[in-house]
Amino acid sequence: MPDSNFAERSEEQVSGAKVIAQALKTQDVEYIFGIVGIPVTEIAIAAQQLGIKYIGMRNEQAACYAASAIGYLTSRPLLVIGGSSERNQETMGAFQEFPQVEACRLYTKFSARPSSIEAIPFVIEKAVRSSIYGRPGACYVDIPADFVNLQVNVNSIKYMERCMSPPISMAETSAVCTAASVIRNAKQPLLIIGKGAAYAHAEESIKKLVEQYKLPFLPTPMGKGVVPDNHPYCVGAARSRALQFADVIVLFGARLNWILHFGLPPRYQPDVKFIQVDICAEELGNNVKPAVTLLGNIHAVTKQLLEELDKTPWQYPPESKWWKTLREKMKSNEAASKELASKKSLPMNYYTVFYHVQEQLPRDCFVVSEGANTMDIGRTVLQNYLPRHRLDAGTFGTMGVGLGFAIAAAVVAKDRSPGQWIICVEGDSAFGFSGMEVETICRVPPMCLLPNSHYEQVMTAFGGKGYFVQTPEELQKSLRQSLADTTKPSLINIMIEPQATRKAQDFHWLTRSNM
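The rules behind these values
Residues numbered from 1 in each chain as written. Predicted model: local features only at pLDDT ≥ 70, side-chain atom pairs only at ≥ 80, totals over all residues. Heavy atoms only, no water. Helix = DSSP H or I, 4+ residues; strand = E, 2+ residues; numbered from the N terminus. Expected span 1.5 Å × (residues − 1). Buried < 20%, exposed > 50% of the residue type's maximum accessible area, 1.4 Å probe, protein only. Arc of directions from axis to C-beta. Disulfide = S-S within 2.5 Å. Pairing = 2+ DSSP bridges. Axes fitted to C-alpha atoms, helices over the stretch in contact; angles between N-to-C directions. Contact = heavy atoms within 4.5 Å. Salt bridge = Lys/Arg side-chain N within 4 Å of Asp/Glu carboxyl O. Core = buried A, V, L, I, M, F, W, Y, C linked by side-chain atoms within 4.5 Å. Phe/Tyr/Trp six-rings, centres within 6.5 Å; stacked < 30°, edge-to-face > 60°. Lys NZ or Arg CZ within 6 Å of the ring centre and 35° of its normal.

Q: Summarise helix 13 (residues 321-341); cite the residues concerned and give the values.
A: The end-to-end C-alpha distance of helix 13 is 30 Å, a good match for the 30 Å that 21 residues give at a rise of 1.5 Å each. Trp322, Trp323, Leu326, Lys329, Met330, Asn333, Ser337 and Ala341 are the residues of helix 13 that are buried. Each buried residue of helix 13 sits inside an arc of 135° when the element is viewed along its axis, so together they form one side. Exposed residues lying more than 90 degrees from the buried face of helix 13 are Lys321, Lys324, Lys331, Lys338 and Glu339.

Q: Any chance you could break down the state of the cysteines for me, citing the residues and the numbers?
A: One pass over the full model with this rule turns up zero disulfides. Between cysteine 234, a cysteine without a disulfide, and cysteine 365, which holds the nearest cysteine sulfur, the sulfur-to-sulfur distance is 17 Å.

Q: I'd like a rundown of the sheet that holds strand 8 (residues 189-193), residues and numbers included.
A: The parallel open sheet is built from five strands, whose spatial order is 9-8-10-11-12. Of all strands in the sheet, those with a lone pairing partner are strand 9 (217-219) and strand 12 (292-295), marking the two edges. Ignoring strand direction, the axes of neighbouring strands in this sheet form an average angle of 15°.

Q: Could you give an account of the side chain of glutamine 304, with specific residues and numbers?
A: Positionally, glutamine 304 belongs in helix 12 (residues 298-310). With a relative accessible area of 11%, glutamine 304 lands in the buried category. When sequence neighbours within four positions are dropped, the list of residues in contact with glutamine 304 reads Met170, Ala171 and Val176.

Q: Give a description of the pattern of salt bridges that names residues and reports values.
A: All told, the structure shown has 17 salt bridges when counted by the stated rule. Among the salt bridges present, the one from glutamate 30 reaches arginine 416, with a minimum N-O distance of 2.8 Å. With glutamate 30 in the loop between helix 2 (16-26) and strand 2 (31-34) and arginine 416 in helix 16 (residues 402-416), this residue pair connects regions lying 386 residues apart in the sequence. Here glutamate 30 falls in the partly exposed class, since its relative accessible area comes to 31%.

Q: Which residues make up the pairing of strand 8, and what values go with them?
A: Within strand 8, five of the five residues are buried, leaving the element largely enclosed by the surrounding structure. The sheet contact formed by strand 8 and strand 10 (residues 248-252) spans five bridges and is parallel. Paired with proline 189 across the two strands is valine 248, which belongs to strand 10. Both strand 8 and strand 9 contribute to a ladder of three bridges, which runs parallel. Within strand 9, the residue paired with isoleucine 193 across the bridge is proline 219.

Q: Tell me about the nonpolar core, and please be specific about residues and values.
A: By size, the foremost hydrophobic cluster in this structure holds 98 residues, and its most contacted members are Phe33, Ile206, Phe252 and Leu294. Ranked by residue count, the leading element in this core is helix 16, at 10 residues. Here leucine 294 is in contact with Ala171, Ala175, Val176, Ala179, Ile275, Gln276, Val277, Asp278, Val301 and Leu305, once residues within four sequence places are set aside. Core analysis: the second largest hydrophobic core is formed by 32 residues, Ala17, Ile20, Tyr54 and Ile157 among them.

Q: An account of the sheet that holds strand 6 (residues 139-144) is requested, with residue identities and associated values reported.
A: Taken in spatial order, the three strands line up as 4-6-5 in an open sheet, and their pairing is parallel. Of all strands in the sheet, those bounded by a partner on one side alone are strand 4 (79-84) and strand 5 (110-112). Across the sheet, the axes of successive neighbouring strands diverge by a mean angle of 15°, strand direction being ignored. Where strand 4 meets strand 6, six bridges bridge the pair, whose relative direction is parallel. Note on strand 6: the bridge partner recorded for valine 80 is tyrosine 140. Contacting strand 4, strand 5 and strand 6, helix 6 (residues 120-132) crosses the sheet at an angle of about 160° to strand 6.

Q: Can you break down the packing of aromatic side chains residue by residue, with the values?
A: The tally for this structure, following the rule as stated, stands at four aromatic pairs. The ring of tyrosine 385 has arginine 363 lying over it, and the distance from NZ or CZ to the ring centre is 3.9 Å.

Here it is as structure tokens:
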């Protein structure tokens, strides 16, 4: 007699939404951010039933920002799943009909549309694998609207196993030997620690390199915290001087783009020797021909450098003329910043505000920042002591990322390190781009927002706490109250002097305003 249970199983149906959710779960996707609505609702419910956390946002743009920050914090890059028009309406002017796969191919590592529901697990596995292999990056999967509720036989679906972790690549031994020799012979060395080093979890090996050989280092904005900002060998307070006069610079996952002034004079010496450590071969040699290239996983390559340098005892002399020059410049810049921070004029300037904020920040907090002067000055004053605990607008300087980033950090902190604070420092325009996400914030763990425009009442309207601050005393009080209350998010609205700006700069390439 035929097996009735087998017959029932063979006739069991499963929806496209459930196939998508299970394929994501199989690839170890933990979080989904999106806007609840047709047809997203079905996918969101299916994902939640499998234990995936779905966070409903107010804007798809902010949802994407949050998901990208999750990728940075968890080493699982952004995967965008977009809905497209139904297949039987293609070329007819269907609702939101657009060549999405082709458009996304320009900006992603992988962009594809499954040919059938049965193909969804294969495409999702390839998208996840593509996102984490080599230099991490976003991928796009296009889902026709009719796939979501379409039913297929459950036995026709074959789920792919979780893709393997990225292979750990190492640099050529000869290149490592050359790099070690160049570092040893440097008169004025400098290490630049980039976001790539943070992503590679290279903090242990890089900190050992810094401390064992007494080398000055400079973090890029999101490289802050790989080695603590208050480390005695951090020369962030003498950034321009360090870049301009170093004769050997080692780049750990830092690109010679606009943030590092392309590696070109007058910000650098014409004959400076660059040693590039990067996971991406195409990045090597961009803008400047390097003296040595070390292609591979940054943590693994740094350990290779340590092994090579260990063969002959050596350290850079801490009382060298170079160290003296850097310390003098750091001292004068810190004094200038301290003077600005001590000013009693009202409205307050940026340095005064950030000085009081920094005084009360928990050492293990996440700092999220965006804006113009708000972000730029904040980078120099607000300290990071842990890796991957600073999120800001990054290479593109995209406005509106802050609240999405803060929500992502709060979700990760809740699951992995409960009790950590997320401090979001926002300029007024930046806050306006995604301001309605304060409603989302009121549904996730406690965090503080510090924008400098009139938004505190918006937070209050959604059940959070809002403070309007005009003086240092009010700022100190509101910070104490915000950090003491772990049950609600807070928004501190600080009035800044409209003409306040940064301290005098040696170079003004990115501050050309005539106002």
